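Single-letter residue listing:
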Amino acid sequence: MNLYTLRDLSKRYSRGGEAVTIFEGLNMQIAQGDFIAIMGPSGSGKTTLLNMLGGIDRPSSGTIECQGERIDNLSEARLSKWRAAHVGFIFQFYNLMPTLNAAQNVELPLLLTKLSPKQRKEHIATALDIVGISDRAKHYPRQLSGGQQQRVAIARAIVSDPKVLLCDEPTGDLDRVSADSVLEMLQLLNSKLNKTIIMVTHDPAAAKYARRELRLDKGRFIEQESAQ
Amino acid sequence: MRQTLAVTALNIKSIPQRLGMSLATVMSVALVVAVMLGFMALTNGFAATLNNAGSEDVAIILRAGSQAELNSGLSRDDVVLIETAPGIVRDAEDRPVSSAELYVVVDGIKRSSQTEANLPLRGVEEGAERLRQGFTLVEGRMFAPGAAELIVGEGVGREFQGFDVGSTIRLGSNVWTIVGKFSTGGTVFDSELWTEAGVLQNLYQRGASYQSVRVKLDGPEGLSQLQDYAENEPRLSLDIITEKQYFADQAVGMTRLISAGVALAYIMAIGALAGAWNTMYSSVDARVHEIATLRAIGFSGGSAFIGTMLESLMLAAIGGLVGAIAVYVIFDGMSASTLGGGFTQVVFSLSLTPSSIISGMILAIFVGLFGGLVPSIRAATVPLLQVHR
Ligand SMILES: Nc1ncnc2c1ncn2[C@@H]1O[C@H](COP(=O)(O)OP(=O)(O)OP(=O)(O)O)[C@@H](O)[C@H]1O
Ligand SMILES: [Mg+2]
């Protein structure tokens, strides 16, 4: 079953009055439960694509459907609600709130739901448990290592149980060991919790954790042979 | 709602990162509110004193063109002519209810600063108290005719030293005995010393001259009857106005000063507004990345707007409270004295009314609201792509 269907997608920016085309007529489908690694040279539009899948950027033309619903033409307010309900973001630099501790950071998406404080506590505990960082719940981001911060960020991304995780260079700022453990975690979320994961990475070793690799080059996808 | 609270909490938690600026904003708002409330307290106190002072049914009669009692001069003959005029209430013995008065300026020592300040020493005639609404002798007795005795207004006792009932005091070359203390309920007369007119004329070599005559007007027509009479009497050249009008005229200068003070507060408010704006702009600036992240998670633009606005309002409200408390602690209930119309001290209480505190808080909120507006709009419209830094 397809989660995403992209039809005839184009994205253009105007730079100094001149139109720059990132994609032109891109068609793509992403199946429910897939784990895709997107590779490609810098500036090829990987982040731009991820933004559009996550509803934080819009295509210049073409359509994006997620579970049969057009998201490219939703109003800002509806798009906010859609993001809250459907996607979890994981960023290269974690994007944690420095003034909140781990548990409070993880709680943020739950504040957009109708859950009671008690239910929120349970969800937070579960999410922190899944990423194996329960013992650091009261720690602030500056008291955590990069790998630990990324785990907190993953817990935040999954706490409201979204279908999709969108990861932009999730291991870009981590050493090999931390990177591997984060990637194993993503693999686990994909295989055990059936999260659809779309991960942008520069690192071929990271890409090997995905079910399939796509290369984005000059606005076109070139499928690589599947990993694993 | 919950997301708005969360965003607001995030804003507030990040204040320590901009502590200096936030404090400066609080203090500038506090200063604005303090200046405004300070001047309003002056206005309230001054207005209370002068409004009480002026009576509609008492006319004050001065030599034409003299404007203030101190510049006026009336002879015994003038007074006699005035007292036969129509429009004046007469008592059971058919005597006019009037008081021919004069006054001189003496020096007293202020309790607060131990410095000399002017005090009016007024010579009055029997019945003067009937021309002051609410006159009561709160301590001692009236001065005796012909004696160097004084009764002192309550305000004088409060603000100046050496005027306790029973004591004697040297004023210029004369020694006076304080025999009583009177109150007119906080009016301008409470800042005066009273003795018998004849005694004052004697001790200060004034012959038989006076400076003013106060008369009780007989009904609403009284004033015009009196004025008509004076105009048609070639031996008289007088200004006749109600006492209320007289004090209102005297108050104009002071009122102007106070209005200028309030205007100053408003101008300062614009400065504080710019400060709040700048602080909130930095607040948003420092958190663009955070705000974008929250928005990506699904927080609404509205919550980012309200969070920033509430931070701004909170800083301003704290500033307003600090300003109000400062003014309250320093000013409320304190007496101030100022140069009144006759170049003498008018003692009046500064009063901080609930309504002026509310006005001060409204001004503070206004500063917070408009200072926070543009930064809040900016917070609500932070580009989502800022999540990638
Ligand atoms: N807001 C924007 N305005 C103009 N051009 C933009 C904007 N955002 C991205 N671009 C351009 O679009 C192209 C794709 O950018 P994008 O960030 O998607 O690349 P990327 O593949 O993620 O690169 P990297 O690997 O360096 O992260 C780049 O040429 C970039 O300069
Ligand atoms: Mg990128």
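Since we're looking at a predicted model, the values are computed, not measured.

J.: Could you give an account of the confidence of the model for chain B, naming the residues involved and the relevant values?
T.: Residue and element names in this part refer to chain B. Looking at chain B as a whole, its pLDDT mean stands at 86, while 93% of the residues score no less than 70. Note on residues 339-344: pLDDT is under 50 here. Beyond four places in sequence and across chains, it has 16 contacts. For this predicted complex, the interface confidence reaches an ipTM of 0.94, while the overall pTM sits at 0.74.

J.: Which residues make up the interface of chain A and chain B, and what are the values?
T.: At the junction of the two partners, chain A supplies 29 residues and chain B supplies 22 residues. A buried area of about 2100 Å², summed over both sides, lies between chain A and chain B, and 61% of it is on carbon and sulfur atoms. When the buried surface of chain A facing chain B is broken down by residue, M97, T99 and L112 of chain A rank first, second and third, together holding 25% of it. Viewed at the interface, chain B and chain A are joined by 1 salt bridge. Two residues, R295 of chain B and E76 of chain A, come together in a salt bridge whose shortest N-O distance is 3.8 Å. The interface formed by chain A and chain B contains 7 residue pairs in polar contact (both at pLDDT 80 or more). Those elements giving two or more residues to the side of chain A that touches chain B turn out to be α1 (46-53) and α2 (76-86) of chain A. Ranked by residues supplied to the side of chain A that touches chain B, first place goes to α2 of chain A with 4 residues.

J.: Tell me about the site of ligand 1, and please be specific about residues and values.
T.: Residue and element names in this part refer to chain A. Around ligand 1, the neighbouring residues are Y13, R15, I22, P41, S42, G43, S44, G45, K46, T47, T48 and H202. In the model, an oxygen atom of ligand 1 is placed 2.6 Å from a nitrogen or oxygen of the K46 side chain. T48 has a polar side-chain atom sitting 2.5 Å from an oxygen atom of ligand 1. Taking 630 Å² as the accessible area of ligand 1 by itself, protein coverage stands at 65%. Those elements that provide at least two residues to the shell around ligand 1 are β1 (2-15) and α1. In terms of residue count, α1 provides more of the shell around ligand 1 than any other element does, 3 residues in total. In terms of residue class, the shell around ligand 1 is made up of 3 nonpolar, 7 polar and 2 charged.

J.: Account for the packing of helix α5 (residues 146-158) of chain A against helix α6 (residues 176-193) of chain A, naming residues and giving values.
T.: All names here are of chain A. At a minimum axis separation of 9 Å, α5 and α6 run at an interaxial angle of 15 degrees. Regarding the angle of α5 to α6, the classification is roughly parallel. In the packing of α5 onto α6, the handedness of the crossing is right-handed. Residues G147, Q150, R151, I154 and I158 of α5 lie in contact with α6, whose contacting residues are S178, S181, V182, M185, L186 and L189. Its residues placed into classes, the contact of α5 with α6 shows 6 nonpolar, 4 polar and 1 charged.

Reading guide: rules and limits
- Residues numbered from 1 in each chain as written.
- Chains lettered and ligands numbered in written order.
- Predicted model: local features only at pLDDT ≥ 70, side-chain atom pairs only at ≥ 80, totals over all residues.
- Heavy atoms only, no water.
- pLDDT = per-residue confidence, 0-100.
- Contact = heavy atoms within 4.5 Å.
- Buried area = accessible area lost by both parts, 1.4 Å probe.
- Salt bridge = Lys/Arg side-chain N within 4 Å of Asp/Glu carboxyl O.
- Polar contact = N/O pair within 3.5 Å; in protein donor to acceptor, adjacent residues only side chain to side chain.
- Helix = DSSP H or I, 4+ residues; strand = E, 2+ residues; numbered from the N terminus.
- Near = heavy atom within 4 Å.
- Areas by Shrake-Rupley, 256 points an atom, 1.4 Å probe, with all protein chains shown as cover.
- Nonpolar A, V, L, I, M, F, W, Y, C, P; charged D, E, K, R; others polar.
- Axes fitted to C-alpha atoms, helices over the stretch in contact; angles between N-to-C directions.
- Parallel < 35°, antiparallel > 145°, perpendicular 65-115°, else oblique.
- Left-handed = near helix turned anticlockwise from the far one by under 90°.

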